[in-house]
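Examination of the molecular architecture
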Amino acid sequence: MAHNDKNGSQTWQPATQLVHGGTTRSPFGETSETIYLTQGFVYAGAEAAEARFNGDDPGFVYSRYANPTVAMFEDRIKGLEGAEAARATASGMAAVNLALMASVKAGDHVVAAKALFGSCRYIVETLLPRFGVESTLIDGTDLDQWKAAVKPNTTALFLESPTNPTLEIIDIAAVADIAKSAGARLIVDNVFATPMFQSPLKLGADVVVYSATKHIDGQGRCLGGVVLSDEDWITDEVMPLVKHTGPHMSPFSAWVLLKGLETLPLRVARQAESAGQIADFLASRNSIARLIYPGRDDHPQAEIARRQMTGGSTMLAFEMDGGKEAAFRFTNALNLIKISNNLGDAKSLITHPATTTHQSIGEEARAELGISDGILRLSVGLEDPADLLSDIEQALSAV
Ligand SMILES: Cc1ncc(COP(=O)(O)O)c(C=O)c1O
């Protein structure tokens, strides 16, 4: 008889849940989770097939609907987040799209903070209106703007916190109250905070989405995403979209990401500790015009960060004196830290948002979001912080 680890979210601490939660073993009793690399499932007879399809037998039917390895990933992260249900997707963008599409129909209205990852902003600003869903973008740090933007037909509020790349903090509990009074669903993209430092559902959000591509994998291998929420909404609104439009996660990615979850607390704690050291170092340098790190008291929303986050961040942003030219010179002088637009990786990665991730939104939108030409975003990895600091120091000298 195979021994399975049930979700122990009632009693297990997060680190234990991330190693054991959701494990389902085959009769061989393997230690590491099995990759069920299969499209379909065979049935003992025609009656058994009928029972699966009409729901009398809750087993698997087809991997576009659900798959045992993907289900292990969903159960593990569901237990960590304290959510009733989860659906894994092929990428973070598939998760964001799924959460929004499952919340609207033609004639509805969405309010979102304008400081969004570029593709998220494209869905809200460009894609939804094409299908008859109005959207309003506001300054997410201003609660009055959320209140003023809500209309009788508003069905979803959407935000990320900390934001990409300027690490603004939005008061999730306060926006959740506004969503509740409006009868709308609050969707939080929790990528930058990670599930280790922020639990939006516990702060009153209705839905949390992740790009599992980032810290959950954490080693730059595969893309993935997940939508977490209550059972009824996932069953009634999310599942039909998953079944009929096919944004599902592959079993192989689910296996990689299950392994990523096992080490997530250790990696994120170490990365945030190093990020804090680098932030303190940069704050003391004259050539840095502005340093933004949610774990420091000089962060513009430090009080909200302390209230809703249990750690600083693995990410920091800073503005070089001398604009784009200085930012490029600094970036090109780095040896250890790599230039890449990804984040949450074991390798420290730096990007110049104005010419990469936020190039397409245009100069006016960048100015509105405080993304000047001198801003750099650093995702701190697992290297020894002493090596990272000496790389940064020699690059600053080169500038
Ligand atoms: C805040 C945020 N949300 C969503 C995504 C999209 O994730 P993916 O690249 O896995 O589709 C990203 C990717 O960078 C992101 O930074």
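Residues numbered from 1 in each chain as written. Predicted model: local features only at pLDDT ≥ 70, side-chain atom pairs only at ≥ 80, totals over all residues. Heavy atoms only, no water.

**Focus: the overall build of the protein**
For the protein, the count of helices and strands is 14 helices and 12 strands. In terms of overall dimensions, the protein is globule-like: its C-alpha atoms have a radius of gyration of 22 Å, near the 21 Å expected for 399 residues. A principal-axis box enclosing the C-alpha atoms of the protein has dimensions of 75 × 50 × 35 Å. For the protein, the residues scored as buried account for 54% of the 399 residues in total. Expressed as a percentage of contacts within the protein between residues at least 6 apart in sequence, the contacts between residues at least 24 apart total 72%. Taken as a whole, the protein presents about 16,800 Å² of accessible surface, with 52% of it coming from carbon and sulfur. Of the charged side chains in the protein, 33 are positive and 48 negative, and the gap between their average positions amounts to 3 Å. (Helix = DSSP H or I, 4+ residues; strand = E, 2+ residues; numbered from the N terminus. Rg over C-alpha atoms; globule rule 2.2 N^0.38 Å. Buried < 20%, exposed > 50% of the residue type's maximum accessible area, 1.4 Å probe, protein only. Contact = heavy atoms within 4.5 Å. Areas by Shrake-Rupley, 256 points an atom, 1.4 Å probe, with all protein chains shown as cover. Lys, Arg positive; Asp, Glu negative; His and termini not counted. Charge placed at Lys NZ, Arg CZ, Asp CG, Glu CD.)

**Considering the packing of helix α10 (residues 251-283) against helix α14 (residues 385-398)**
Direction vectors running N to C along α10 and α14 enclose 30°, while the axes themselves pass 10 Å from each other. Accordingly, the angle class assigned to the pair α10 and α14 is roughly parallel. In this structure, the crossing between α10 and α14 has a hand that is right-handed. Taking contact as the criterion, the partners of Arg270, Ser274, Gln277, Ile278, Phe281 and Leu282 in α10 are, on α14, Pro385, Leu388, Leu389, Ile392, Glu393 and Leu396. Here the contact of α10 with α14 is composed, by residue class, of eight nonpolar, two polar and two charged. (Axes fitted to C-alpha atoms, helices over the stretch in contact; angles between N-to-C directions. Parallel < 35°, antiparallel > 145°, perpendicular 65-115°, else oblique. Left-handed = near helix turned anticlockwise from the far one by under 90°. Nonpolar A, V, L, I, M, F, W, Y, C, P; charged D, E, K, R; others polar.)

**Some points on the site of the ligand**
Inspection of the region around the ligand gives 13 residues, with Gly92, Met93, Asp189, Ser211 and Thr213 positioned closest. Taking Met93, its main chain carries an N or O atom lying 2.8 Å from an oxygen atom of the ligand. Within the contact set of the ligand, a nitrogen atom lies 2.7 Å away from a side-chain nitrogen or oxygen of Asp189. Notes on the ligand: free accessible area 400 Å², of which the protein chains cover 91%. (Near = heavy atom within 4 Å. Polar contact = N/O pair within 3.5 Å; in protein donor to acceptor, adjacent residues only side chain to side chain.)

**Some words on the domain arrangement of the protein**
The domains assigned to the protein are domain 1 (14-260) and domain 2 (264-398). Residue-level contacts link 36 residues of domain 1 with 35 residues of domain 2. For the pair domain 1 and domain 2, the two sides together bury roughly 3,100 Å², of which 63% comes from carbon and sulfur. Taken as a group, Ile169, Phe197 and His215 account for 24% of the area that domain 1 buries against domain 2, more than any other trio of residues on that side. For the pair domain 1 and domain 2, the number of links is two salt bridges. Residue Asp171 is joined to Arg307 by a salt bridge in which the shortest nitrogen-to-oxygen separation is 3.3 Å. In this structure, the connection of domain 1 to domain 2 is made through 17 residue pairs in polar contact (both at pLDDT 80 or more). Contributing elements (two or more residues each) for the side of domain 1 that touches domain 2: α1 (14-20), α7 (172-182) and α8 (194-197). At four residues, the largest contribution of residues to the side of domain 1 that touches domain 2 is made by α8. For the side of domain 1 that touches domain 2, the per-class residue count stands at 19 nonpolar, 11 polar and six charged. (Domains from an automatic or database assignment. Buried area = accessible area lost by both parts, 1.4 Å probe. Salt bridge = Lys/Arg side-chain N within 4 Å of Asp/Glu carboxyl O.)

**A look at the sheet that holds strand β6 (residues 207-211)**
The sheet built from seven strands is open, its strands ordered β1-β7-β6-β5-β4-β2-β3 with mixed pairing. Two strands bound the open sheet, and with one partner strand each, they are β1 (85-89) and β3 (134-138). Sheet twist, expressed as the mean angle between neighbouring strand axes with direction ignored, is 20°. Alignment of strand β2 (residues 109-113) against strand β4 (residues 154-160), held across four bridges, turns out to be parallel. Bridge assignment links Val111 to a residue of β4, and that residue is Leu157. (Pairing = 2+ DSSP bridges.)

**What to know about unusual backbone geometry**
Negative phi is the rule for most residues except glycine; trans is the rule for most peptide bonds. Along the chain, Ser161 connects to Pro162 via a cis peptide bond; the corresponding omega equals -10°. Tracing the backbone through its elements, the reader meets Pro162 in the loop between β4 and α7. With an omega dihedral of 5°, the bond running from Asn164 to Pro165 counts as a cis peptide bond. If you trace the backbone, Pro165 turns up in the loop between β4 and α7. Even without a glycine there, the phi angle at Leu167 is positive, about 55°. Assignment of secondary structure puts Leu167 in the loop between β4 and α7. Using a relative accessible area of 0% as the deciding quantity, one classes Leu167 as buried. With a phi angle near 70°, Thr194 is a residue other than glycine that sits in the positive phi range.

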